[in-house]
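Commentary on secondary and tertiary structure
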Number of protein chains: 2
Amino acid sequence: MIVLDRIEHLLPEEIEKRSFEIISQELEQKGIVLPQEQEMITKRVIHTSADFDYVKTLCYSKNAVRIAKDLILNGADIVTDTNMARAGINKKMLARFGGEVHCFMADEEVSQTAKERGTTRAAVSMEKASKLTKPVIFAIGNAPTALIQLYEMMQSKAFRPAFVIGVPVGFVNVEVAKELIMEMDVPYIVNRGRKGGSNVAAAICNALLYELGRR
Amino acid sequence: MIVLDRIEHLLPEEIEKRSFEIISQELEQKGIVLPQEQEMITKRVIHTSADFDYVKTLCYSKNAVRIAKDLILNGADIVTDTNMARAGINKKMLARFGGEVHCFMADEEVSQTAKERGTTRAAVSMEKASKLTKPVIFAIGNAPTALIQLYEMMQSKAFRPAFVIGVPVGFVNVEVAKELIMEMDVPYIVNRGRKGGSNVAAAICNALLYELGRR
C-alpha cells in the first residue's frame, strides 16, 4: 500500500460527511443561505454534480419538500424516464416506506406504441405510468418529451401526477418543458435551464429518502 | 393533443441530431475547434451534461480514442464503479463486439471484504476486476478511491488496466486521484477537476461505441 501525502485519508463512511462539509463551507464563503427545507436536497444535487450553479436554478413549488416526503411516507411509487435514474435511486430505502421504482422505457409494448405513433418512448411510458393506481412521484432526468406528455395530460385533465421532479438535461425543448411544468397546479422540484440529468433526478429522490431515514 | 408553439416539433430520431447541431453551433460561436479524434466524445459529454466546461477539462492521453476503439473492437470488457454507469452504457452494442459490462459494487463478497479492511467497496471491486482475464476498460464515474486503487496496483506492478476513463465527481480526493492516473503509463480519458459522474462515464463509453457502430 503506497501512502500518498496528497490524499486525504478518511474512512469510507467519513467521505460523504466530509464532502458535505466542503459544500457547506463553500456555500458560506459565497454568502449563500439555502432555505432550511431545501438545504439537503440542493446540497445533494451539488454533491452529485460538483456544480454550484444548481443553487441558482433549482426551483421548488410551495412546500414541495414536505409534500414529497409525505408522499413517500405514504408509500408513493417513483417513475423514472431512464434505467440509469432507476439504478441510482435507493430502492431498499423506498421499499421500507412501501414504494417501488418503475421505469417503462425498455418495455417492448412502449417501444412498439412509440414507433406506431412517431412519438418518443418517454412520452408513451408516461401514459403507461399514469395508469398506476398508487400516487406517483415522476422523476424525469432525461426526456423533455416526458415532461411535455405530463403537461398535456394535466391540461386535458386526463391525469394529474402527485409530484414532478423535472430535471431533464439537454438542448431541444428542455427549457420550455420545465417552464410548462412550473405553470401547472402540481407540486414540483424543477431545475430551470438546460442542466439536470438522471444522476440529478436520482440525487433528489435519495435526498428525500435519506432525510426521512434520519427521523 | 395540445399544440404548443413554444415547442420545437421533431421526430424522436431527429432530437439527438438537432441537439448535436446546437452543440456544434455553440462551440463554433465560442471559437472552439475540437481535435477531430476527440470531437464526438467531448460533444457527447456536453450532450449528457449541458455543460461546456468539459471542453476545457477533458484530457486525452496520446491516441486515447484510437486505443479505446481498438480495445472495444477486440472484445474488451468494461468495468464501472456504479450500477448507474452500468445501466447507462449501451450493452447491446458492446456485445456486438464481444464485450460485456461488469460492476462489482453490489457483490456481497466485495462489501464484506471492504468492511473487514476499512476500505471502500469501490477499491475492492477494482481488485476483483483486475482478476478478469480479458482486457478491461475501467469507466470510473463516481469513486476516486477506485482510481487510487488502480494507481496503487499500477505502482506496485500488480496490474495494469488496458484503459482508464477517469471521471469521478466530487469533493474529497477527486482531483488528486485524476492527476495520479494521468501520471501513469496508461491510456486514459480523464476529466480534470471536480466534475464528472456516472452519466459522463457512460456517455464516453457510448460515444466510442456509436463511432464504431457507424463504420
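Rules behind the numbers
- Residues numbered from 1 in each chain as written.
- Chains lettered and ligands numbered in written order.
- Predicted model: local features only at pLDDT ≥ 70, side-chain atom pairs only at ≥ 80, totals over all residues.
- Heavy atoms only, no water.
- Salt bridge = Lys/Arg side-chain N within 4 Å of Asp/Glu carboxyl O.
- Helix = DSSP H or I, 4+ residues; strand = E, 2+ residues; numbered from the N terminus.
- Buried < 20%, exposed > 50% of the residue type's maximum accessible area, 1.4 Å probe, protein only.
- Least-squares fit on C-alpha atoms with pLDDT ≥ 70 in both.
- Contact = heavy atoms within 4.5 Å.
- Axes fitted to C-alpha atoms, helices over the stretch in contact; angles between N-to-C directions.
- Parallel < 35°, antiparallel > 145°, perpendicular 65-115°, else oblique.
- Nonpolar A, V, L, I, M, F, W, Y, C, P; charged D, E, K, R; others polar.

Moving on: the pattern of salt bridges. With the rule as written, the count across this model stands at 38 salt bridges over all chains. The partner of Asp51 of chain B in a salt bridge is Lys195 of chain A, and the shortest N-O contact between them spans 3.8 Å. Of this pair, Asp51 of chain B sits in the loop between α2 (36–49) and α3 (54–57) while Lys195 of chain A sits in the loop between β6 (188–191) and α11 (198–213), which puts the two residues in different chains. Among the residues examined, Asp51 of chain B registers a relative accessible area of 6% and is labelled buried. For Lys195 of chain A, a relative accessible area of 15% puts it in the buried group. For Asp53 of chain B, the salt bridge is made with Lys56 of chain B, and the minimal N-O distance between the two is 3.7 Å. Judged by relative accessible area, Asp53 of chain B falls into the partly exposed class, the value being 32%. The exposure class of Lys56 of chain B is exposed, given its relative accessible area of 66%. Each of Asp51, Asp53, Lys56 and Lys195 of chain A together with Asp51, Asp53, Lys56 and Lys195 of chain B takes part in salt bridges that share partners, so that together they form one network.

Between chain A and chain B, which share one sequence, the superposing operator has a rotation angle of 180 degrees and an axial displacement of 0.0 Å; the RMSD is 0.0 Å. On this basis, the relationship between the two copies can be described by a two-fold rotation axis. If distances are taken from each C-alpha of chain A to the rotation axis, the shortest is found for Met84 of chain A, at 2.5 Å. Comparing interface residues between copies, 100% of those in chain A also lie at the interface in chain B; the contact surface is shared.

Residues and elements named next belong to chain A. Interhelical geometry of helix α4 (residues 64–73) versus α11 gives an angle of 70 degrees and a closest axis separation of 10 Å. Between α4 and α11, the angle is such that the two are roughly perpendicular. Between α4 and α11, the contacting residues are Val65, Ala68, Lys69, Ile72 and Leu73 on the first element and Leu208, Leu209, Glu211 and Leu212 on the second. Across the contact of α4 with α11, the residue classes break down as seven nonpolar, no polar and two charged.

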